[in-house]
Amino acid sequence: MSATPTTRPTVTEREARQVAEAAREQQWRKPSFAKELFLGRFRLDLIHPHPLPADEDVQRGEEFLAKLRDFCETKIDSARIERDAQIPDEVIDGLKELGALGMKIDTKYGGLGLTQVYYNKALALVGSASPAIGALLSAHQSIGVPQPLKQFGTQEQKDTFLPRCARTDISAFLLTEPDVGSDPARLATTAVPEGDDYVLDGVKLWTTNGVVADLLVVMARVPKSEGHKGGITAFVVEAASEGITVENRNAFMGLRGLENGVTRFHQVRVPAANRIGPEGAGLKIALTTLNTGRLSLPAMCVGAGKWCLKIAREWSGAREQWGKPVALHEAVGSKISFIAATTFALEAVLDLSSQMADEDRNDIRIEAALAKLYGSEMACLMADELVQIRGGRGFETAESLRARGERAVPAEQLLRDLRINRIFEGSTEIMHLLIAREAVDAHLSVAGDLIDPDKSLQDKARAGAQAGVFYAKWLPKLVAGPGQLPTSYAEFKREVDLSGHLRYVERTARKLARSTFYAMSRWQGRMETKQGFLGRIVDIGAELFAMSAACVRAELLRGQGDHGREAYQLADAFCRQSRLRVEELFGRLWSNTDDLDRKVVKGVLAGTYEWLEHGVVDPSGEGPWIAAAPPGPSTKENLHRPIR
């Protein structure tokens, strides 16, 4: 019998950070528009002219979208999924027959071989019909078995599993545990080598697709031993294996059709041939998979924005107050303008990032992360504004509206469904830190040893010399640039002038880089604790990226004769709105309540303000904040429900 752990690994904050640092991709082998932007270099040449897909990719993608649209309109009953909290088996069977499980899988394995661009368009489409179905397809292909095998799998693994994933088998990704979220250093699930197998023990939480999955990607810790490097490792596991129990199907405020559960592994034997990559490479595989996998989430945010715009337009034109449609009242009109401009920008960010992913000319790890961060935050704002525009009807359920004879508009459902996107695949707070780490990578690579308390004086002296050379070349370039010349980016000056916005991006990128340098000089080793500051730096970069993408997309559409004038208007509106947000963020870099907030938090935790909680009752049920999940056999009914 294999040994099973009795205690969860205990790690310090520094050890946890070292694990995360070891897992990230260290080198920048290809140019990155967003990385350059954070360094104060506006490399418009990396994104303009806007890259375009090949004609055959367009034809294959459009043909599938036509079939998928018909399926969405005739086979998907979103109200039924919301009411029953489950996607009907016949709908999933229909998606399998359509080939939707294999959208991103190569045709030689039975997939459709769609590009990232068209995969995302398909997710936006199906997600507008049912966000739960969009989540199922995304989890299966973006983070489930297909993507890590595509990038890291052996040929034998691809031949074995990809044909199944393309047509019949649903996959899931299992990393999170009851007491482990964004801190994988504390991962407790183990995979103990035993002969030609590994034996898995542990419990996984929030296993999207886990209830119905046929194949699992499982992250588990291999103990270090003779002949085994050990470390967090990725495995493909058959969901029907003996010892696997789906102990709970979780329910949420939104995405009610989501097949998300708690999965227990007890003495589960997994062939060594099913290990993805070497031992210890699991986190790196997970993070690399997410570099493009994260683009699926903003795809569904774009779909949500398009639907918000449609409903806002139709409703606010029909609803009259004080003698005219509510859309013509400025208080409502500003919300509609925000939804329209932001939807245009989100689609620009998504399409640009996706096409760059398809071409593989640029390193898009920051672009994809920014798309996820910005898309999830802005989509929630757009849905909230739609609910406000709809008034009381926005708060009312679609079923209630239908029951009293009105159009069943699920605005409140959309708000609930979108809320998870600010948490899925890296919460907003974690995304801020992840992007910030990549954004300051150039600084840390030359000056990191200066602020590392574990480095010797000799190392610090060497780092100081390197930093001196780097900053002597870099800092003077932040003083002036094309953004100060009124003739720069003249090709974007049409009936509506976007050139001024691009000049603003160039100037502001340099200002952003100067602010980052000043902060590093001021706080040095304490910089990593200034999460409020880092979050604002990242948010500014996200706005600049979105402005750039919006302008480039507008020019592309103008050149194609495809609503070019209207695209320029939307890009102009978005950039003007974005600039206001950027200026506010810059103001809050140095004028904020971060220090005071820390004092208040300490007081809250110490019970100093507990008197403020008096006068209410707590309707919460009894139980621990985090359920104990010791390894061992399951005592619960297996809720695993494969769809065949």
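Look up: the structure comes first, before these words.
In short, a report on the structure. (Residues numbered from 1 in each chain as written. Predicted model: local features only at pLDDT ≥ 70, side-chain atom pairs only at ≥ 80, totals over all residues. Heavy atoms only, no water.)

Focus: the overall build of the protein chain
For step 1, the next point in the chain: Regarding its fold elements, the protein chain presents 23 helices and ten strands.
For step 2, the next point in the chain: Whereas a compact globule of 644 residues would reach a radius of gyration of roughly 26 Å, the protein chain reaches 25 Å, a difference of no more than 12%.
For step 3, the next point in the chain: Taking the principal axes of the C-alpha coordinates as reference, the protein chain spans close to 75 × 75 × 65 Å.
For step 4, the next point in the chain: Long-range pairs, those at least 24 residues apart, make up 77% of the contacts in the protein chain with a sequence separation of at least 6.
For step 5, the next point in the chain: Accessible surface for the protein chain amounts to roughly 29,400 Å². Of this, 54% is attributable to carbon and sulfur atoms.
For step 6, the next point in the chain: Placing the 82 positive and 85 negative side-chain charges of the protein chain at their respective mean positions leaves the two points 5 Å apart. (Helix = DSSP H or I, 4+ residues; strand = E, 2+ residues; numbered from the N terminus. Rg over C-alpha atoms; globule rule 2.2 N^0.38 Å. Contact = heavy atoms within 4.5 Å. Areas by Shrake-Rupley, 256 points an atom, 1.4 Å probe, with all protein chains shown as cover. Lys, Arg positive; Asp, Glu negative; His and termini not counted. Charge placed at Lys NZ, Arg CZ, Asp CG, Glu CD.)

A word on the packing of aromatic side chains
For step 1, the next point in the chain: Counted according to the given criterion, the structure contains 13 aromatic pairs.
For step 2, the next point in the chain: Aromatic ring contacts, followed pair by pair, group F33, F42, Y489 and F545 into a single cluster.
For step 3, the next point in the chain: The positively charged end of K511 is found above the aromatic ring belonging to F586, 4.3 Å away from the centroid.
For step 4, the next point in the chain: A cation sits over an aromatic face here: R579 above Y504, 4.2 Å from the ring centre. (Phe/Tyr/Trp six-rings, centres within 6.5 Å; stacked < 30°, edge-to-face > 60°. Lys NZ or Arg CZ within 6 Å of the ring centre and 35° of its normal.)

Comments concerning the nonpolar core
For step 1, the next point in the chain: The biggest cluster of nonpolar side chains holds 129 residues, and the ones touching the most others in it are I76, M103, I133, L137, L370, F492 and L544.
For step 2, the next point in the chain: Looking at this core, the element that brings in the most residues is helix α21 (residues 531-560), giving 16 residues.
For step 3, the next point in the chain: If we ignore the near neighbours within four places in the chain, the residues touching I133 are I76, I81, I87, V91, L95 and V126.
For step 4, the next point in the chain: Counting 25 residues, the second-largest nonpolar core is a separate cluster that includes L187, A281, L283 and I285. (Core = buried A, V, L, I, M, F, W, Y, C linked by side-chain atoms within 4.5 Å. Buried < 20%, exposed > 50% of the residue type's maximum accessible area, 1.4 Å probe, protein only.)

Focus on the environment of L580
For step 1, the next point in the chain: Residue position: L580 is located in helix α22 (residues 564-590).
For step 2, the next point in the chain: Judged by relative accessible area, which is 65%, L580 ranks as exposed.
For step 3, the next point in the chain: When the C-alpha positions of L580 and A213 are compared, they lie 46 Å apart, and in sequence the two are 367 residues distant.

Comments concerning unusual backbone geometry
For step 1, the next point in the chain: Residue P49 is reached from H48 by a cis peptide bond, and omega for that bond is 0°.
For step 2, the next point in the chain: In this fold, P49 is placed in the loop between α2 (33-38) and α3 (55-75).
For step 3, the next point in the chain: Even without being a glycine, Q267 presents a positive backbone phi close to 55°.
For step 4, the next point in the chain: The residue Q267 is located in strand β7 (residues 260-271) in this model.
For step 5, the next point in the chain: A positive phi angle, close to 60°, is found at H563, a residue other than glycine.
For step 6, the next point in the chain: Along the polypeptide, H563 turns up in the loop between α21 and α22.

Let's talk about the pattern of salt bridges
For step 1, the next point in the chain: As enumerated under the stated definition, the model contains 46 salt bridges in all.
For step 2, the next point in the chain: For R641, the salt bridge identified is with E259, shortest N-O distance 2.8 Å. One end of the pair, R641, is in the segment after α23 (594-606); the other, E259, is in the loop between β6 (244-249) and β7, and 382 residues separate them in sequence.
For step 3, the next point in the chain: For K306, the salt bridge goes to E347, with nearest N and O atoms at 3.1 Å. With K306 in helix α11 (residues 296-318) and E347 in helix α12 (residues 330-359), this residue pair connects regions lying 41 residues apart in the sequence.
For step 4, the next point in the chain: Overall, K306 belongs to the partly exposed group, its relative accessible area being 39%. (Salt bridge = Lys/Arg side-chain N within 4 Å of Asp/Glu carboxyl O.)

Some words on the environment of V91
For step 1, the next point in the chain: Secondary-structure assignment places V91 in helix α5 (residues 89-98).
For step 2, the next point in the chain: Residue V91 is classed as buried on the basis of its relative accessible area of 4%.

As for the pairing of strand β4 (residues 215-222)
For step 1, the next point in the chain: Of all eight residues making up β4, seven are buried, and the element is well covered by its neighbours.
For step 2, the next point in the chain: Looking at chain direction, strand β1 (residues 171-174) and β4 are connected through four bridges and run parallel. Bridging from a neighbouring strand, F173 pairs with V217 of β4.
For step 3, the next point in the chain: Sheet analysis places β4 next to strand β5 (residues 231-238), joined by eight bridges and oriented antiparallel. Bridge pairing in β5 links M219 to A234. (Pairing = 2+ DSSP bridges.)

Points about helix α13 (residues 365-390)
For step 1, the next point in the chain: The first and last C-alpha atoms of α13 sit 38 Å apart over 26 residues, in line with the 38 Å expected at 1.5 Å per residue.
For step 2, the next point in the chain: Counting buried residues along α13, 21 of its 26 residues qualify, which places the element largely inside the surrounding structure. (Expected span 1.5 Å × (residues − 1).)

Section: the packing of α12 against α13
For step 1, the next point in the chain: In the contact formed by α12 and α13, the axes pass within 10 Å of each other and the chain directions differ by 155°. Of the possible angle classes, the one that applies to α12 and α13 is roughly antiparallel. Between α12 and α13 lies a crossing of left-handed hand. Residues V332, K335, I336, F338, I339, T342, T343, L346, V349, S353 and M356 of α12 form the contact with α13, whose participating residues are E367, A371, Y374, G375, M378, L381, M382, E385, L386, Q388 and I389.
For step 2, the next point in the chain: Per-class residue counts for the contact of α12 with α13 are 14 nonpolar, five polar and three charged. (Axes fitted to C-alpha atoms, helices over the stretch in contact; angles between N-to-C directions. Parallel < 35°, antiparallel > 145°, perpendicular 65-115°, else oblique. Left-handed = near helix turned anticlockwise from the far one by under 90°. Nonpolar A, V, L, I, M, F, W, Y, C, P; charged D, E, K, R; others polar.)

Considerations on the environment of N291
For step 1, the next point in the chain: Residue placement: N291 occurs in helix α10 (residues 282-293).
For step 2, the next point in the chain: Separated by 171 residues in the primary sequence, N291 and R462 have C-alpha atoms spaced 33 Å apart.

Some words on the side chain of N250
For step 1, the next point in the chain: Examined against the element boundaries, N250 turns out to sit in the loop between β6 and β7.
For step 2, the next point in the chain: A polar contact is formed between the side chain of N250 and the backbone oxygen of G261, at a distance of 3.5 Å. (Polar contact = N/O pair within 3.5 Å; in protein donor to acceptor, adjacent residues only side chain to side chain.)

Quick word on α21
What sets the pattern is the α-helix's 3.6 residues per turn: residues three or four places apart point alike.
For step 1, the next point in the chain: Along its 30 residues, α21 runs 43 Å from first to last C-alpha, staying within 8% of the 44 Å computed at 1.5 Å per residue.
For step 2, the next point in the chain: With 24 of 30 residues buried, α21 is to be regarded as a mostly interior element.
For step 3, the next point in the chain: In the segment just after α21, G561 is the residue with positive phi, at about 70°.

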